[in-house]
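Each chain is listed here by its residues.
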Amino acid sequence: MRARADAAPGPVPPRGYGAGVLRWIRRLVVGSVLMGLVLVGGTALRVWQVARIDDYTTADAIVVLGAAQYSGTPSSVFEARLDQAYRLFRLGVAPRVITVGGKQEGDLYTEAASGKNYLQSRGVPSDKILAVETGSDTLRSIEAVATAMQARDLSSAVLVSDPWHSLRTRIMARDEGLDAWTAPTRTGPAVYTRESQAHGIARETGALLWYQLTHFAADFRYTAGQ
């Protein structure tokens, strides 16, 4: 069958300069997406890797990162961290424990004071516990601990938090001039289920990327349970 002579012509592909610009735009978009995926994936992998590290090298202090407390009673997340700090203290990893964390509006106790009271109830002497009662997020808590330690000529710390929190706390502590490593808790809501583990890794991946980009805090809400 002969084609109709008056048939409408199909779209004409761009040529010349315009075609080259479009190709470069497509390559730039695809390349940016791939680089973003590699960056996020690599960060998530590193969060997972450091979460598996238990470094019991002796230090000047065991630092327990604060979490929610209720009228002086640590939440299950905080209690798991404190139990790990107690274990490290009993093993002789460090001669003192530092608890850190401020309080929310209306609270009667700071996280640091709640943690100190809990450790004392387990038999840690009061003079072996330093409560740094400031810090509303990880970055401010680390800054407060670094200031308190440096004022006492202390320079090395083993950090205790949830496994997925380890990499970010270690980076922040080292940025503040501390010689720091991690020995996270292996109990508590942060590690109970695969869902809580996946949530923790995703949360910390985003928070760490934000910190490295801006050096601002980014403590996203933890929803795996308290």
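Data block above holds the structure.
In short, a report on the structure. Note that this is a predicted model, so its numbers are computed, not measured.

## As for the pairing of strand β5 (residues 129-132)
Right, so step 1: Pairing of strand β4 (residues 97-100) with β5 involves four bridges; the strand directions are parallel. Paired with Ile-98 across the strands is Leu-130, a residue of β5.

## What to know about the packing of helix α4 (residues 138-151) against helix α5 (residues 166-175)
Right, so step 1: Contact geometry of α4 with α5 gives a least axis separation of 9 Å together with a crossing angle of 45 degrees. The orientation of α4 relative to α5 falls into the category oblique. Crossing of α4 against α5: the hand is right-handed. Contact with α4, carried on its side by Thr-138, Leu-139 and Ile-142, involves Arg-168, Thr-169, Met-172 and Ala-173 of α5 and no other residues of that element.

## Here's the deal with the environment of Gln-49
Right, so step 1: In this structure, Gln-49 sits in helix α1 (residues 17-51).
Right, so step 2: Residue classification places Gln-49 among the partly exposed residues on the basis of a relative accessible area of 33%.
Right, so step 3: As for Gln-49 and Pro-163, which are separated by 114 residues in sequence, their C-alpha atoms are 9.6 Å apart.

## Things to note about the nonpolar core
The nonpolar side chains of a soluble globular protein tend to be buried, and buried together.
Right, so step 1: Ile-62, Leu-88, Val-97, Leu-119 and Val-158 are the most contacted members of the largest nonpolar core, which has 22 residues in total.
Right, so step 2: At the level of secondary structure, the elements contributing two or more residues to this core comprise β1 (61-65), α2 (76-91), α3 (111-121) and β6 (156-160).
Right, so step 3: No other element matches the seven residues that α2 contributes to this core.
Right, so step 4: Setting aside residues no more than four positions away along its own chain, Leu-88 makes contact with Tyr-56, Ile-62, Val-93, Ala-94, Val-158, Val-160 and Ala-183.

## Section: the pattern of salt bridges
Right, so step 1: Evaluated as defined, the whole model comprises six salt bridges.
Right, so step 2: Ionic pairing is found between Asp-83 and Arg-122, a salt bridge with its closest N-O pair at 3.0 Å. Of this pair, Asp-83 sits in helix α2 while Arg-122 is found in the loop between α3 and β5, placing the two residues 39 residues apart along the sequence.
Right, so step 3: For Asp-83, a relative accessible area of 25% corresponds to the partly exposed category.
Right, so step 4: When salt bridges that share partners are traced, they join Arg-168, Arg-203 and Glu-204 into one network.

## Digging into the packing of aromatic side chains
Right, so step 1: The final tally for this structure, using the stated rule, is zero aromatic pairs.
Right, so step 2: Of note, Arg-122 hangs over the ring of Tyr-86, and the distance from its end group to the ring centre comes to 4.0 Å.

## A word on the side chain of Ser-156
Right, so step 1: In this structure, Ser-156 sits in strand β6.
Right, so step 2: Residue classification places Ser-156 among the buried positions, given a relative accessible area of 9%.
Right, so step 3: Here Asp-60 takes part through its backbone nitrogen, which lies 2.9 Å from a polar atom of the side chain of Ser-156.

## Quick notes on the side chain of Thr-182
Right, so step 1: With respect to the secondary-structure elements, Thr-182 resides in strand β7 (residues 179-182).
Right, so step 2: A relative accessible area of 1% means that Thr-182 is categorised as buried.

## Describing the sheet that holds β7
Right, so step 1: If you trace the five strands from one edge of the open sheet to the other, you get β5-β4-β1-β6-β7, paired in parallel fashion. The two strands at the open ends of the sheet, each matched to only one other strand, are β5 and β7. Across this sheet, the average inter-strand angle for adjacent strands is 25 degrees, counted without regard to direction.
Right, so step 2: Bridge count between β6 and β7: four bridges; the pairing is parallel. When the sheet's bridge partners are listed, Leu-159 is paired in β7 with Thr-182.
Right, so step 3: With respect to the sheet, α4 is in contact with β1, β4, β5 and β6, its orientation differing from that of β1 by roughly 155 degrees.
Right, so step 4: Relative to the sheet, α5 contacts β1, β6 and β7, its axis offset from that of β7 by approximately 175 degrees.

Calculation notes
Per-chain numbering applies: the sequence of each chain, read as written, is numbered from 1 onward. With the structure being a predicted model, the display of local features is reserved for residues of pLDDT at least 70 and the display and counting of side-chain atom pairs for 80 or more, all residues being used for whole-chain, interface and lining totals. With hydrogens and water stripped out, all remaining heavy atoms of the structure feed into the side-chain values. Two strands pair under a simple rule: DSSP has to find at least two bridges between them. Helix and strand assignments follow DSSP, with helices taken as H or I runs no shorter than four residues and strands as E runs no shorter than two, numbered in order from the N terminus. Orientation is described by lines fitted to C-alpha atoms, with helices fitted over the stretch in contact, and by angles between N-to-C directions that extend from 0 to 180 degrees. Between 65 and 115 degrees an angle is taken as roughly perpendicular, under 35 as roughly parallel, over 145 as roughly antiparallel, and anywhere else as oblique. Throughout, a crossing is termed right-handed when the near helix is turned clockwise from the far one, and left-handed when it is turned anticlockwise from it by less than a right angle. Here, residues are in contact when the closest pair of their heavy atoms is within 4.5 Å. Each residue's exposure class comes from its accessible area (1.4 Å probe, protein chains only) as a fraction of the maximum for that residue type: buried when under 20%, exposed when over 50%, partly exposed otherwise. Here, nonpolar core means buried Ala, Val, Leu, Ile, Met, Phe, Trp, Tyr and Cys residues that are tied together by side-chain atoms lying within 4.5 Å of each other. Throughout this description, the term salt bridge denotes a Lys or Arg side-chain nitrogen within 4 Å of a carboxyl oxygen of Asp or Glu. What counts as a ring pair is set by centres within 6.5 Å for rings of Phe, Tyr and Trp (its six-membered ring), and what kind of pair is set by the plane angle: stacked under 30 degrees, edge-to-face over 60, tilted for all other angles. Charges are assigned to positions over rings by a cutoff of 6 Å between ring centre and Lys NZ or Arg CZ, combined with an angular limit of 35 degrees from the ring normal. Under this definition, polar contacts are N or O atom pairs within 3.5 Å; protein pairs additionally need one hydrogen-donor-capable and one acceptor-capable atom, and for neighbouring residues in sequence, both atoms have to be side-chain atoms.

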